[in-house]
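A structural walkthrough
Below, each chain spelled out in residue letters.
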Amino acid sequence: MYKRDYYEILGVSRNATEDEVKSAYRKLALKFHPDRNPGDTEAEEKFKEAAEAYEVLRNGEKREIYDRYGHAGLEGSGFRGFSGFDDIFANFGDIFEGFFGFTNQRGRGQQARQGKSLRYDLTLTLEEAFQGKEQEISFRRWTGCETCKGTGIAQGHKAQTCRTCQGRGQVVRSQGFFQIATTCPACHGQGEIIKDPCGQCKGQGKTAIERKINVKIPAGVDSGSQLRLRGEGEAGEQGGPPGDLFVVLHVQDHDFFSREGSHLLCEIPVSFVQAALGDTLTIPVLGSPEGHELKIPPGTQPGDVLTLRELGMPDLERRNARGDLFIKVNVNIPKKITNRQKELLEEFADSLELKKLKKEKKFWEKS
């Protein structure tokens, strides 16, 4: 089935910020909201279409996959969009109330909701990013209360239906052409009142714990790379699934190497004699304690760049492949020389007839 471009659907550019994406979605969601367009199947489809586009473009990971591989890439990652209106409202129905003063009248009540995702920032050295590693991390998260099994209710008791909203989670009032639904102030949208809260979690249904897990970091990661650990976020509500944990990686600057994607760059100093005559040096290389031989060709010029193929970083997109190592040659000219060295250089200059050339032609004149 043909699907329109998500950026086209929301009417934003590919460089749109998260706020611009959200603003564009708000306008479309209000325009095509099913309660505003009863019986209009075209409006319903556009409402679903906008919701799907917003879900992808607001999520950094999904957006990156879509930008690279399009709809096919998302399908390959398991994304299938929304099953219906209830699925949309359960995921981000609050956006209508928060920005429009207007919500779906179906009521959220005791609907299951996924827990919040968490972020953990992890710093690596360039050597660790090159090799990959497994590291234990520790973080705090909310998890379902074992005493009340996440209900928030003391054992032997039950929640009572909210009398204010009659269990709907919302109160409705008429305002001109519209019926405005807002979250019930008595039960805060839950549709139920807990009179006897669990003593362990104080009625929240979840408790804070210290969680330790091992994270496997693949070789070749770069600053900004993210690892998604499903189910390691905070506990869901009303039996909903837990959120995810996103480990955001930061690779420290290196004293010798700089990096461009999977390629490494460095600079080495050589004497003007080495540059003129050529030489063989041993330079540092990641993953090789003994280093690697580099041949300086005779006649190397200042700023020349030499390349060592496949001695860069592991390439995450190409299995078992590595980038290249680029070496910029800096030719050092001594500031002080001995009398003997001066004599030798003058003899060298005479052998090239530099003095004669200097008299005959100015340096800016073309041959």
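That block above? That's the structure.
Residues numbered from 1 in each chain as written. Predicted model: local features only at pLDDT ≥ 70, side-chain atom pairs only at ≥ 80, totals over all residues. Heavy atoms only, no water.

Examining the packing of helix α2 (residues 18-32) against helix α3 (residues 41-57)
Two numbers describe how α2 lies on α3: the axes approach to 9 Å, and their chain directions differ by 165 degrees. In terms of their interaxial angle, α2 and α3 are classed as roughly antiparallel. Where α2 crosses over α3, the handedness of that crossing is left-handed. Taken together, the residues of α3 that come into contact with α2 (itself represented by Val21, Lys22, Tyr25, Leu28, Ala29 and Phe32) are Ala43, Lys46, Phe47, Ala50, Ala51, Tyr54 and Leu57. (Axes fitted to C-alpha atoms, helices over the stretch in contact; angles between N-to-C directions. Helix = DSSP H or I, 4+ residues; strand = E, 2+ residues; numbered from the N terminus. Parallel < 35°, antiparallel > 145°, perpendicular 65-115°, else oblique. Left-handed = near helix turned anticlockwise from the far one by under 90°. Contact = heavy atoms within 4.5 Å.)

Considerations on the environment of Arg4
Mapped onto the fold, Arg4 is located in the segment before α1 (6-10). With a relative accessible area of 29%, Arg4 lands in the partly exposed category. Sequence spacing of Arg4 and Ala53 is 49 residues, and the spatial spacing of their C-alpha atoms is 9.4 Å. If near-sequence neighbours (up to four positions away) are discounted, Arg4 is found in contact with Ile9, Glu49, Tyr66 and His71. (Buried < 20%, exposed > 50% of the residue type's maximum accessible area, 1.4 Å probe, protein only.)

Comments concerning the sheet that holds strand β9 (residues 245-251)
Strands sit in the order β1-β9-β8 across an open sheet of three strands; the sheet is mixed. Bordering the open sheet on either side are β1 (118-124) and β8 (226-229), each of which pairs with just one other strand. Direction aside, neighbouring strands of the sheet carry axes that sit 25 degrees apart on average. Here four bridges tie β8 to β9, and the two strands are oriented antiparallel to one another. Looking at the pairing, Leu227 lines up with Val247 of β9. (Pairing = 2+ DSSP bridges.)

Section: a nonpolar patch on the surface
A contiguous nonpolar patch, built from Phe272, Val273, Leu277, Ile333, Ile337 and Leu345 and spanning about 540 Å² of accessible area, is present on the exposed surface. Looking at which element gives the most residues to the nonpolar patch, the answer is helix α8 (residues 272-277), with three residues. Along the chain, the position of Ile333 falls in the loop between β15 (325-332) and α9 (339-351). Take Ile333: its relative accessible area is 61%, and that puts it in the exposed class. (Patch = residues over 30% accessible without salt bridge, like charges linked within 9 Å, V, L, I, M, F, W, Y side chains within 5 Å. Areas by Shrake-Rupley, 256 points an atom, 1.4 Å probe, with all protein chains shown as cover. Salt bridge = Lys/Arg side-chain N within 4 Å of Asp/Glu carboxyl O.)

Overview of the pattern of salt bridges
Within the structure shown, the criterion is met by 22 salt bridges. With its nearest N and O atoms 3.3 Å apart, the salt bridge here joins Glu61 to Arg228. On the criterion of sequence distance, the pair formed by Glu61 in helix α4 (residues 60-76) and Arg228 in strand β8 is long-range, its members being 167 residues apart. Relative accessible area serves as the criterion here: at 30%, Glu61 is assigned to the partly exposed category. For Asp324, the salt bridge identified is with Arg309, shortest N-O distance 2.9 Å. Taken together, the positions of Asp324 in the loop between β14 (305-308) and β15 and Arg309 in the loop between β14 and β15 put the pair 15 residues apart, joining distant regions of the chain. On the basis of relative accessible area, Arg309 is assigned to the exposed category, the value being 61%. Each of Arg4, Glu8 and Glu49 takes part in one network of salt bridges that share partners.

Note that all results are geometric; they support no functional claim without further evidence.
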